[in-house]
Amino acid sequence: QVQLVESGGGLVQAGGSLRLSCVASGRTFSRYGMGWFRQAPGKERESVALINWTGSTSYADSVKGRITVSRDNAKNTVYLQMNSLKPEDTAVYYCAVPRIPGQLVGVNPAGYDYWGQGIQVTVSS
């Protein structure tokens, strides 16, 4: 059973930083791409960042230069370092992983099969 558990969210002032973690269990994830998504109230879920099993990364234009995704395969963990946070970054953040290893992941949520429960990030102005 694949399980993803996010942690590290909370309330922060604009300009502050948070680091989200996503711990995966149920299999070895070194050959899986993983994605971070977010969903604000009344909005669709959107891709924030992704990291492929090759280590390549991609970011949404709205977060480039402020957010960094990384992974520690030994710990089955993916991180999302968020700096210079803005009120518009407020959302529930999710990590996700596809069912099939060795494929490149993309920004479409439909390409992911397993999701964490989500964690709230609130940025106050």
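So, a few notes on the structure that sits alongside this text. Since we're looking at a predicted model, the values are computed, not measured.

A few points about the packing of aromatic side chains
Link 1 in the chain: For the coordinates displayed, the defined rule picks out five aromatic pairs.
Link 2 in the chain: For the ring pair phenylalanine 37 and tyrosine 112, a centre distance of 5.0 Å and an interplane angle of 80° mean the geometry is edge-to-face. With phenylalanine 37 in strand E4 (residues 34–39) and tyrosine 112 in the loop between strand E9 (91–97) and strand E10 (114–115), this pair connects stretches of sequence that are 75 residues apart. Each member of the pair, phenylalanine 37 together with tyrosine 112, is buried.
Link 3 in the chain: Consider the rings of tyrosine 94 and tryptophan 115, whose centres lie 6.3 Å apart with planes at 80°: the pair is edge-to-face. Here tryptophan 115 lies in strand E10 and tyrosine 94 lies in strand E9, a separation of 21 residues in the sequence.
Link 4 in the chain: Judged by relative accessible area, tryptophan 115 falls into the partly exposed class, the value being 26%.
Link 5 in the chain: Among the aromatic residues, those joined into a cluster by ring pairs are Phe37, Tyr94, Tyr112 and Trp115.
Link 6 in the chain: Stacked on the ring of tryptophan 53, the Lys or Arg arginine 31 has its end atom at 4.8 Å from the ring centre.
Link 7 in the chain: The aromatic ring of tyrosine 94 is capped on one face by arginine 45, whose charged end is 3.8 Å from the ring centroid.

Focus on the nonpolar core
Link 1 in the chain: Grouped together as the largest cluster of nonpolar side chains are 29 residues, with contacts concentrated most on Leu20, Met34, Trp36, Val48, Leu80, Met82 and Tyr93.
Link 2 in the chain: Only strand E3 (18–25), E4, strand E5 (46–51), strand E7 (67–72), strand E8 (77–82), E9 and strand E11 (119–124) provide two or more residues apiece to this core.
Link 3 in the chain: Apart from the residues lying within four places of it in its own chain, the contact partners of valine 48 are Trp36, Phe37, Arg38, Ser58, Tyr59, Ala60, Val63, Ile67, Leu80 and Tyr93.
Link 4 in the chain: Membership of the second largest hydrophobic core comes to five residues, among which are Phe37, Leu50, Ala96 and Val105.

Observations regarding the state of the cysteines
Link 1 in the chain: Throughout the structure, instances matching the rule amount to one disulfide.
Link 2 in the chain: The residue that forms a disulfide with cysteine 22 is cysteine 95, at a sulfur-sulfur distance of 2.0 Å. Sign of the S-S torsion, about 65° for the bond between cysteine 22 and cysteine 95, identifies this disulfide as right-handed. Taken together, the residues span a long stretch of sequence, with cysteine 22 in strand E3 and cysteine 95 in strand E9 at a distance of 73 residues. Exposure class is identical for cysteine 22 and cysteine 95. Each is buried.

Thresholds, definitions, all that
- Residues numbered from 1 in each chain as written.
- Predicted model: local features only at pLDDT ≥ 70, side-chain atom pairs only at ≥ 80, totals over all residues.
- Heavy atoms only, no water.
- Phe/Tyr/Trp six-rings, centres within 6.5 Å; stacked < 30°, edge-to-face > 60°.
- Helix = DSSP H or I, 4+ residues; strand = E, 2+ residues; numbered from the N terminus.
- Buried < 20%, exposed > 50% of the residue type's maximum accessible area, 1.4 Å probe, protein only.
- Lys NZ or Arg CZ within 6 Å of the ring centre and 35° of its normal.
- Core = buried A, V, L, I, M, F, W, Y, C linked by side-chain atoms within 4.5 Å.
- Contact = heavy atoms within 4.5 Å.
- Disulfide = S-S within 2.5 Å.

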